[in-house]
Amino acid sequence: MGNLQEKAKSQNRTIKTTVITIVGICLFFVVFFIVTVKLSEPTVMTLKLPETSKNINHSTLGEYNIITILLGADNKIIYYGGSLDSPIISPKETKYGENGIRKELTQQNKSLLQNSSKIHKPKKLLVIIKPSPKSTYRNLVDILDEMTITNIENFTIIKEFKPEESKLLTSK
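Residues numbered from 1 in each chain as written. Predicted model: local features only at pLDDT ≥ 70, side-chain atom pairs only at ≥ 80, totals over all residues. Heavy atoms only, no water.

## Brief notes about the sheet that holds strand β3 (residues 87-94)
Taking strand neighbours across the sheet as the criterion, the 5 strands line up as β3-β2-β1-β4-β5 in an open arrangement whose pairing is mixed. The two strands at the open ends of the sheet, each matched to only one other strand, are β3 and β5 (154-157). In this sheet, neighbouring strand axes are inclined to one another by 15° on average, regardless of whether the strands run parallel or antiparallel. Contacts between helix α3 (residues 137-149) and the sheet are confined to β1 (66-71), β4 (126-131) and β5, with β4 contributing the most and set at about 170° to the helix. Helix α4 (residues 163-171) contacts β1, β2 (77-82), β3 and β4 of the sheet and is inclined by roughly 55° relative to β1. (Pairing = 2+ DSSP bridges. Helix = DSSP H or I, 4+ residues; strand = E, 2+ residues; numbered from the N terminus. Axes fitted to C-alpha atoms, helices over the stretch in contact; angles between N-to-C directions. Contact = heavy atoms within 4.5 Å.)

As structure tokens, this is what we get:
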């Protein structure tokens with residue numbers, strides 16, 4: 001009789017151990033799938049847009065603190081400073097990345113801050129981004145990443161092209 005009771009206890013322990021193992025594995029799978037689903041959700045980049053106001057004081061905007069970036073086909077970037085009629089920085093073609101547009105934006109931002117700090121009125125660089133119909137969405141995201149990396153807070157995206165800008169994109 002003692003032998004039968006020991007056999008029943010060992011079978012009972014085996015069942016408890018198996019149930020505990022199965023429950024542990026099930027919990028592991030539940031946690032794994034929850035984490036997998038959370039990580040596979042798409043993330044969205046925040047986009048800061050300026051307030052729309054009809055009362056813009058254009059006297060505070062000088063041509064020396066405006067850079068226009070034209071995005072063309074095949075990852076082409078052309079930038080210039082000021083207006084295209086009389087540019088402060090002549091139109092130049094560059095590339096994305098550390099030695100391309102990022103370097104130029106950083107240099108222009110630093111020089112503007114140094115020059116404006118002398119007159120005790122710090123001005124910020126304003127970047128106008130103009131994606132052409134032939135540029136890709138990735139080009140726009142890349143240039144927005146460059147704005148974030150270079151800490152340029154004042155930028156705008158404009159779809160309209162002047163005829164001279166279109167010629168500039170097709171010529172270079």
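## A closer look at the side chain of Lys-76
On the secondary structure map, Lys-76 appears in the loop between β1 and β2. Buried charge Lys-76 goes without a salt bridge, the closest partner of opposite sign being Glu-93 at 4.7 Å. Here Leu-169 takes part through its backbone oxygen, which lies 2.7 Å from a polar atom of the side chain of Lys-76. (Buried < 20%, exposed > 50% of the residue type's maximum accessible area, 1.4 Å probe, protein only. Lys, Arg positive; Asp, Glu negative; His and termini not counted. Salt bridge = Lys/Arg side-chain N within 4 Å of Asp/Glu carboxyl O. Polar contact = N/O pair within 3.5 Å; in protein donor to acceptor, adjacent residues only side chain to side chain.)

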